[in-house]
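Chain by chain, the residues:
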Amino acid sequence: MHFASDNSGPVHPQVMAKMTEANQGYQMAYGADVLMNEVRDRIRGVFEAPGAAVYLVATGTAANSLALATLSQPWETVFCSPVAHIHEDECNAPEFYSGAKLTLVPGGDKMNPTALWSSILAEETRGVHGPQRGPVSITQVTERGSVYSLEELQALCAVAKEYDLPVHLDGARFANALVALNCSPAEMTWKAGVDVVSFGGTKNGLMGVEAVVFFDESKAWEFELRRKRGAHLFSKHRFLSAQMAAYLQDDLWLKLARQSNANCARLADGLRAKGASFLHEPQANMIFASFPRSKHKLLHYAGATYHLWGAELVGADENEALACRLVCDWSIGPDEIDRFLDLL
Ligand SMILES: *Cc1c(COP(=O)(O)O)cnc(C)c1O
């Protein structure tokens, strides 16, 4: 009953098999491997973007930080949600790599176009003394499990474009959002106005690979230099390529995301039936729910693993409602979900 995160599950066997297959003989290093050519073509096809520049790195933090560094200048500011992963969970790596600072757009997990517009407008009112406007970074799926609709994405990108600012999409859970919206990768990115996407894989069955996709190739060389300088250019790159190749083969990435989201829906329906309340409406593979401490204790002692959200298991009031985060990955089976619900 493991719901701590979607990166605590196993690597998908097809990905392991592809890595073993890639472990034959010799391949050129640093991304010049044959598989990378295949991956580049596949990703260009998936995004309907024949001119896109495609790179692989091993962590989402590297993908976000290097992408944002490429889109910004040290005197600029990156606009994001107050709960953005780049703000809360990357130990200032985006600031470290870019030299820029983050400006938190007031509001919740989803940025609102009016608030974004006001935040952007408020910058550059102090001439040389103040930060200059820089990229907008949007997280899809958001850190609270909600999904921006295409209209919402388009509206945010339109605000950025009004100020001629580039847009970055943190897609650590790109596939989960895509299958939730049932749209095309192009619609969720460049057609909406996104310039660069961190296309996640690790949380959806890979060992550790995220792609960075630039729809405008002009920044590609700068990204390559930053990736090397930032120590994120892998020499035995074929094993990154192999993971991404397996991910894209026969739409494994979509299949796994559908599985994760379906697992999440099963769990959410069950929680709802048991009277749990939701802090956010679950739209992909993450649930933020609240139920009594006594139930958390029971689940905990039965071996369920998940994070309490701003709460402690130990406390006097057994009936106190405690919030938690439950994340479903592709591998968790219906039996485990039902066992969890039965205990509840
Ligand atoms: C997990 C995650 C990342 C990537 O994190 P790493 O631990 O660096 O791989 C980036 N953005 C979001 C929204 C995430 O949930």
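Look up: the structure comes first, before these words.
Heads up: these notes are all about the structure in this document. Keep in mind that what you see is a predicted model, and the values were worked out from it rather than measured.

**Overview of the overall build of the protein**
Working step 1: Across its full length, the protein holds 14 helices and 11 strands.
Working step 2: Taken over C-alpha atoms, the radius of gyration comes to 21 Å for the protein, in line with the 20 Å a tight globule of 344 residues would show.
Working step 3: The C-alpha extent of the protein, read off along each of the three principal axes, is 60 × 55 × 30 Å.
Working step 4: Residue burial in the protein is summarised as follows: out of 344 residues, 54% are buried.
Working step 5: Put simply, the protein shows about 14600 Å² of open surface, and 52% of that area lies on carbon and sulfur atoms.
Working step 6: Distance between charge centres in the protein, computed from 30 positive and 40 negative side chains, equals 3 Å.

**Some points on the environment of Ala273**
Working step 1: Considering the arrangement of structural elements, one finds Ala273 in helix H12 (residues 252-273).
Working step 2: Given the relative accessible area of 70%, Ala273 is considered exposed.

**Here we look at the state of the cysteines**
Working step 1: If you walk through the whole model with that rule in mind, you get 0 disulfides.
Working step 2: In this structure Cys264 is not part of a disulfide, and its nearest cysteine sulfur, from Cys328, lies 4.9 Å away.

**Observations regarding the site of the ligand**
Working step 1: Looking at the ligand, the residues that line it are Thr59, Gly60, Thr61, Asn64, His85, Glu90, Thr139, Glu143, Asp170, Ala172, Arg173 and Lys203.
Working step 2: A distance of 3.5 Å is found between a nitrogen atom of the ligand and a side-chain nitrogen or oxygen belonging to His85.
Working step 3: Expressed as a share of its isolated accessible area of 390 Å², the protein-covered part of the ligand is 81%.
Working step 4: A total of 3 residues in the shell around the ligand trace back to one element, the largest contributor, which is helix H3 (residues 60-71).
Working step 5: Taken together, the residues of the shell around the ligand sort by class into 1 nonpolar, 6 polar and 5 charged.

**So, the environment of Leu326**
Working step 1: As for its position among the elements, Leu326 is in strand E11 (residues 321-327).
Working step 2: Taking the C-alpha atoms as reference points, Leu326 and Ile287, 39 residues apart in sequence, are found 5.0 Å from one another.
Working step 3: Those residues in contact with Leu326, other than ones at most four positions away along the chain, are Phe3, Leu267, Leu271, Asn285, Met286, Ile287, Tyr306 and Phe340.

**Digging into the packing of aromatic side chains**
Working step 1: Under the defined criterion, the tally for this structure stands at 13 aromatic pairs.
Working step 2: Just above the ring of Phe278 sits the side chain of Arg272; from NZ or CZ to the centre is 4.8 Å.

**Focus on the nonpolar core**
Working step 1: By size, the foremost hydrophobic cluster in this structure holds 67 residues, and its most contacted members are Ile43, Ile138, Phe199 and Met244.
Working step 2: Looking at this core element by element, the count peaks at 8 residues for helix H11 (residues 238-248).
Working step 3: Structurally, this core is a two-domain feature, drawing no fewer than three residues from each of domain 1 (13-252) and domain 2 (256-343).
Working step 4: Ignoring anything within four residues of it in the chain, the contact list for Ile138 reads Met111, Tyr148, Leu153, Leu156, Cys157, Val167, His168, Leu169 and Asp170.

**Brief notes about helix H6 (residues 113-122)**
Working step 1: By the burial criterion, the buried members of H6 are Ala115, Leu116, Ser119 and Ile120. Summarising the axial view, the buried residues of H6 lie within an arc of 135°, below the 170-degree limit, and thus occupy one face.
Working step 2: Each element contacted by the buried residues of H6 is listed here: strand E2 (76-80), strand E4 (132-139) and helix H7 (150-162).
Working step 3: Backbone nitrogen of Thr114 and a side-chain oxygen of the N-cap are separated by 2.8 Å at the start of H6; the cap is Asn112.
Working step 4: The positive-phi residue at the C-terminal boundary of H6 is Glu124, with phi of around 60°.

The rules behind each value
For every chain, the first residue of its written sequence is number 1, and the numbers climb from 1 along that sequence. Local features in this predicted model are restricted to residues whose pLDDT is 70 or higher, and side-chain atom pairs enter the listing and the counts only when it is 80 or higher, whereas totals over whole chains, interfaces and linings include all residues. Side-chain metrics rest on all non-hydrogen atoms present in the structure, leaving aside hydrogens and water. Strands here mean DSSP runs of E at least two residues long; helices mean DSSP runs of H or I at least four residues long; both are numbered from the N terminus. Radius of gyration: over C-alpha atoms. The globule rule applied is 2.2 Å multiplied by the number of residues raised to the 0.38 power. The buried label applies to any residue whose accessible area, calculated with a 1.4 Å probe on protein chains only, is under 20% of its type's maximum; exposed applies above 50%, and partly exposed to all values in between. With residues, only the protein chains shown are counted as cover, and all accessible areas are computed by Shrake-Rupley using a 1.4 Å probe. Charge counting treats Lys and Arg as positive and Asp and Glu as negative, with His and both chain ends excluded. Lys charges are placed at NZ, Arg charges at CZ, Asp charges at CG and Glu charges at CD. Any two cysteine sulfur atoms lying within 2.5 Å of each other are counted as a disulfide. Working definition: residue near molecule or strand if any one of its non-hydrogen atoms lies within 4 Å of it. Think of a polar contact as two N or O atoms within 3.5 Å of one another; within protein, one of them needs to be a possible hydrogen donor and the other a possible acceptor, and neighboring residues in sequence only count if both atoms come from side chains. Each residue gets one label: Ala, Val, Leu, Ile, Met, Phe, Trp, Tyr, Cys and Pro are nonpolar, Asp, Glu, Lys and Arg are charged, and the others, such as Gly, are polar. Contacts are assigned to residue pairs that have any heavy atoms within 4.5 Å of one another. Any two rings among Phe, Tyr and Trp, with Trp reduced to its six-membered ring, count as a pair given centres within 6.5 Å; such a pair is stacked if its planes are under 30 degrees apart, edge-to-face if over 60, and tilted if neither. Consider the ring centre and the ring normal. A charge sits over the ring if Lys NZ or Arg CZ is within 6 Å of that centre and within 35 degrees of that normal. By convention a nonpolar core is built from buried Ala, Val, Leu, Ile, Met, Phe, Trp, Tyr and Cys residues, the set being connected through side-chain atoms within 4.5 Å. For every domain, the bounds stem from an assignment made automatically or drawn from a database. This arc is taken over the directions from the axis of the helix to the C-beta atoms.

By themselves, these observations are geometric and do not establish any function.
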